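Examining the three-dimensional arrangement
Chain by chain, the residues run as shown.
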Amino acid sequence: MGRRRGSAVNKLFAWVRRQSMKVKIFLAVTSLISSLVALRLLVKDTNQFFLASESVHAAGIVVLIYKLTTQKTCSGLSLQTQELTAMFLAVRLFCSFMMEHDIHTVLDFATLVSTLWVIYMIRFKLKATYNSDLDSMPKYYLIVPCVILALFIYPHTFHSHLSKVLWAFCVYLEAIAVLPQLIMMQKTKMIEPSTAHYVFALGVARFLGCAHWIIQVYESAGAYLFLLGSGYFWLPMVLVAEAVQTLILADFCYYYVKSVVNGRLLVSLPPV
């Protein structure tokens, strides 16, 4: 598929590239605010953002399953990210069983099972196509800081102290679990379509989760961040975690959209 160089969208991307960093930041912030306003007008119940976020994440896993079953290769996939994802999903599922049994629990269970299947395929069935040299970031670099943070900042709405710490841990780990995948892609520079679709799905999912918190904070004039009984620092930290993951994925999502607009099957990242 060739590039549509003359298209209006392609010209827009070219114009954005020529702007100064200040203008790019202004445009990014304006786009973010416009997206949030549009979401608020279209969606009356902001809790549906969480359902949409989990559904998009599940859709991204389905793309990976399709790749592994049809192409018989796991090249470009980070085993570290998949294992970290399985870890925070398992913890969140455990906490969900203790506090609620709803559609979120069902979606988390389905996503966990699918993620475990992806891990099994990478570790055993398609091991020959997995490049461990490019996926060398130690998991404890991410797990240990999340554990330490969870011991000090956690919600006060659970019955047991263990549940509080575990819930906080899965929130913090989810925010940075994608880092090994992004680092691996940065090393390869060119990302094949299925992996790109999966990471883009994660970006959309995180944006929807972050949108929920931002809209809630705005509509409560900031009071939502400090709800009584939730822990003074807990809700602000949740918002920070959501924002961090959204920002981590924002750069990739930009180049993903750019590649799709240009009609390319492979996403190309710029040199560091």
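On a predicted model such as this, the values are computed, not experimentally measured, just so you know.

Let us now look at unusual backbone geometry. Residues other than glycine seldom take positive phi values, yet Lys72 does so here, at roughly 55 degrees. For Lys72, the location among the structural elements is in the loop between α3 (48-70) and α4 (79-99). By relative accessible area, which is 54% here, Lys72 ends up exposed.

Turning next to the nonpolar core. Val171, Tyr172, Trp234 and Phe252 are the most contacted members of the largest nonpolar core, which has 57 residues in total. Of all elements in the fold, only α3, α4, α5 (103-125), α6 (140-152), α7 (161-176), α8 (179-188), α9 (193-219) and α10 (234-261) reach the threshold of two or more residues within this core. The element contributing the most residues to this core is α7, with ten residues.

Glancing now at the packing of α6 against α7. Running from amino to carboxyl end, α6 crosses α7 at an angle of 140 degrees, the nearest separation of the two axes being 8 Å. Comparing the axis directions of α6 and α7 gives the class oblique. As for the relative orientation of α6 and α7, their crossing is right-handed in sense. Counted together, Leu142, Ile143, Cys146, Val147, Leu149, Ala150 and Leu151 of α6 and Val165, Ala168, Phe169, Tyr172, Leu173 and Ile176 of α7 form the full contact between these two elements. When the residues that make up the contact of α6 with α7 are grouped by side-chain class, the tally is 13 nonpolar, no polar and no charged.

Below, the discussion takes up a nonpolar patch on the surface. On the surface, a nonpolar cluster with roughly 740 Å² of combined accessible area is contributed by Tyr140, Tyr141, Val144, Val147, Ile148, Leu151 and Phe152. Structurally, the position occupied by Tyr141 is in helix α6. Given the relative accessible area of 49%, Tyr141 is considered partly exposed.

Another aspect to go through is the UniProt feature "transmembrane region" (unreviewed entry) in the protein chain. Following the UniProt record, the feature "transmembrane region" (unreviewed entry) maps to residues 21-43, 105-126, 138-154, 166-184, 196-215 and 235-257 here. A helix fraction of 100% and a strand fraction of 0% characterise residues 196-215, whose end C-alpha atoms lie 28 Å from each other. Between the end C-alpha atoms of residues 235-257 there is a gap of 31 Å, over a span that is 100% helix and 0% strand.

Relative to the assigned elements, Leu162 resides in helix α7. The sequence separation of Leu162 and Leu151 amounts to eleven residues, and the corresponding C-alpha distance is 9.5 Å.

Let us look at α5. Between the first and last C-alpha of α5 there are 32 Å, a value that for 23 residues agrees with the 33 Å anticipated at 1.5 Å per step. Of all the positions in α5, only His104, Thr105, Leu107, Asp108, Thr111, Leu112, Ser114, Thr115, Val118, Ile119, Met121 and Ile122 are classed as buried.

Here we come to the environment of Val171. Here Val171 lies in helix α7. Each C-alpha atom of the pair Val171 and Cys146 lies 8.7 Å from the other, and the pair is 25 residues apart in sequence. The contact partners of Val171, leaving out residues within four places of it in the chain, are Trp234, Val238 and Ala241.

What follows covers empty space enclosed by the protein. By the definition in use, this model includes one cavity of 30 Å³ or more. Taken as a whole, the largest cavity holds about 90 Å³ of empty space. Forming the walls of the largest cavity are His57, Thr81, Thr85, Phe88, Glu174, Ala177, Val178, Tyr198, Leu202, Ala205, Arg206 and Gln245. Of all elements in the fold, only α4 and α9 reach the threshold of two or more residues within the lining of the largest cavity.

Attention shifts here to α8. Within α8 the residues assigned to the buried category are Pro180, Gln181, Leu182, Met184 and Met185. Lys189 occupies a position one or two residues after α8 and carries a positive phi of about 70 degrees.

Thresholds applied
- Residues numbered from 1 in each chain as written.
- Predicted model: local features only at pLDDT ≥ 70, side-chain atom pairs only at ≥ 80, totals over all residues.
- Heavy atoms only, no water.
- Helix = DSSP H or I, 4+ residues; strand = E, 2+ residues; numbered from the N terminus.
- Buried < 20%, exposed > 50% of the residue type's maximum accessible area, 1.4 Å probe, protein only.
- Core = buried A, V, L, I, M, F, W, Y, C linked by side-chain atoms within 4.5 Å.
- Axes fitted to C-alpha atoms, helices over the stretch in contact; angles between N-to-C directions.
- Parallel < 35°, antiparallel > 145°, perpendicular 65-115°, else oblique.
- Left-handed = near helix turned anticlockwise from the far one by under 90°.
- Contact = heavy atoms within 4.5 Å.
- Nonpolar A, V, L, I, M, F, W, Y, C, P; charged D, E, K, R; others polar.
- Patch = residues over 30% accessible without salt bridge, like charges linked within 9 Å, V, L, I, M, F, W, Y side chains within 5 Å.
- Areas by Shrake-Rupley, 256 points an atom, 1.4 Å probe, with all protein chains shown as cover.
- Salt bridge = Lys/Arg side-chain N within 4 Å of Asp/Glu carboxyl O.
- UniProt positions renumbered as here; feature names shortened; annotations may be inferred.
- Expected span 1.5 Å × (residues − 1).
- 1 Å grid on protein atoms, 1.4 Å probe; cavity = no way out; pocket = protein on both sides within 12 Å on 5 of 7 lines; lining within 4 Å.
- Points joined across faces, edges and corners; volume = space filled by probe spheres on them.

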